[in-house]
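Chain by chain, the residues:
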Amino acid sequence: MKKFVAAAAAALITCSAMGVTAFAEDASADILVTVTDADSKHPVAMEAVTVTDIDNDGKLTVNDALVITHDKFYEGGSEAGYKTVESQYGQSIDKLWGVENNGSYGYYINNNSAMGLTDELKSGDTLSAFIYPDANAWATTFYSWFDKNTTEANEGDEIEVTLMRASFDENYQMVPVAVEGAAITVDGEATDVKTDAEGKAKIKLDKAGKNVISAGSIEGMTLIAPVLIADVKAAETTTTTTEETTTTTTTATTTATTTASTTASKAATTASASPQTGDTGAAVSLVLLGTGVFAAFSLRKKHEN
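Structure report, in brief. Please read all numbers here as calculations on a predicted model, not as lab measurements.

Further remarks concern the sheet that holds strand 9 (residues 150–154). In spatial order, the strands read 9-17-15-12-13; together these 5 strands make up an open sheet with mixed pairing. A strand with exactly one partner marks an edge of an open sheet, and here the two such strands are strand 9 and strand 13 (189–194). Between one strand axis and the next, the sheet turns by 30 degrees as a mean value, whatever way the strands run.

On to the sheet that holds strand 2 (residues 44–51). Taken together, the 5 strands give an open sheet; going across it, the order is 2-1-7-5-6, and neighbouring strands pair in mixed fashion. Edge positions in the sheet fall to strand 2 and strand 6 (112–113), since each has one partner strand and no second. When strand 5 (residues 105–109) meets strand 7 (residues 126–131), the two strands line up antiparallel, connected through 5 bridges. Bridging from a neighbouring strand, Tyr107 pairs with Ala129 of strand 7. Most of the contacts of helix 2 (residues 62–73) go to strand 2, to which it runs at about 115 degrees, and overall it touches strand 1 (29–36), strand 2, strand 5 and strand 7.

This brings us to the packing of aromatic side chains. A full pass over the atoms with the stated rule returns 7 aromatic pairs. Ring geometry for Phe130 and Tyr143: centres 5.9 Å apart, planes at 25 degrees, overall stacked. Taken together, the residues Phe130 in strand 7 and Tyr143 in strand 8 (residues 141–146) connect sequence positions 13 residues apart. Judged by its relative accessible area of 2%, Phe130 is buried.

Over its 12 residues, helix 2 extends 16 Å from the first C-alpha to the last, a length consistent with the 16 Å expected when each residue adds 1.5 Å. For helix 2, the tally of buried residues reaches 9 of 12 residues, placing the bulk of the element in the interior. Every buried residue of helix 2 is listed here: Val62, Asn63, Asp64, Ala65, Leu66, Val67, Ile68, Thr69 and His70.

Moving on: the side chain of His70. By the secondary structure assignment, His70 is in helix 2. A relative accessible area of 0% means that His70 is categorised as buried. At 2.8 Å, the side chain of His70 and the backbone oxygen of Leu66 are in polar contact. Those residues in contact with His70, other than ones at most four positions away along the chain, are Gly77, Ser78, Gly81, Tyr82, Leu96 and Trp97.

Basis of the calculations
- Residues numbered from 1 in each chain as written.
- Predicted model: local features only at pLDDT ≥ 70, side-chain atom pairs only at ≥ 80, totals over all residues.
- Heavy atoms only, no water.
- Pairing = 2+ DSSP bridges.
- Helix = DSSP H or I, 4+ residues; strand = E, 2+ residues; numbered from the N terminus.
- Axes fitted to C-alpha atoms, helices over the stretch in contact; angles between N-to-C directions.
- Contact = heavy atoms within 4.5 Å.
- Phe/Tyr/Trp six-rings, centres within 6.5 Å; stacked < 30°, edge-to-face > 60°.
- Buried < 20%, exposed > 50% of the residue type's maximum accessible area, 1.4 Å probe, protein only.
- Expected span 1.5 Å × (residues − 1).
- Polar contact = N/O pair within 3.5 Å; in protein donor to acceptor, adjacent residues only side chain to side chain.

What follows is the structure, encoded as structure tokens:
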């Protein structure tokens, strides 16, 4: 019996180890990642990242995603731009996007505050990591987001967005709040569009290609700049080629020339066939011939008399 229990335990451990190995080799999650620096710029804006278990803890976590994101987008990779430390509170960020500021960082999963770097991720998730602009202004700095992450439009279209920010109730539960008066930016350029009392704004998209839409802070409140990627399709245009124009002109010219030649030929034919139609030379010849005949006839009659 003891041998059986020992064998079963060994088999269970082996299966568990095999399961972890299989997970590490095969499991992955496709997510969208945004990194916001201390200047409210986005070195990474809703970029596709495939997360694997790079730290071999048997899970796909925030830490895995941030290591892979730095390796993919940061010059020098995660070794140069990203670092974590272990403390009594667990694993925490010590360097993000090359910046060390004594732990003033944050990260949200699907626009909800994450509990830690070991929080798990799945395909379709969004991860937003940021550096606080002012490490001493926690109370007036708020994470913000739009009601959509990506959208498609045609050049010249107008889209509507809603801007929200994170707030917390007395139980420290996150509560979304509409942001009023935030100026909308497109590719870092300010527009004259601001959000209304419901956080809504309408934006006209005049540039084809990838448009990074964000929003600035408002008086008395610093916003962690939100991101919306608009993929704008160029407007279709109609053009007439030179070859088509030349062909049309040539055809018209040929037709006019042919018509003129035909008319001239008919006129010449008609004139030669009938002197009454305007052949003056023929008419004069007939008159002179008639006069000569009449004179000869008169002379003959005179001789006869």
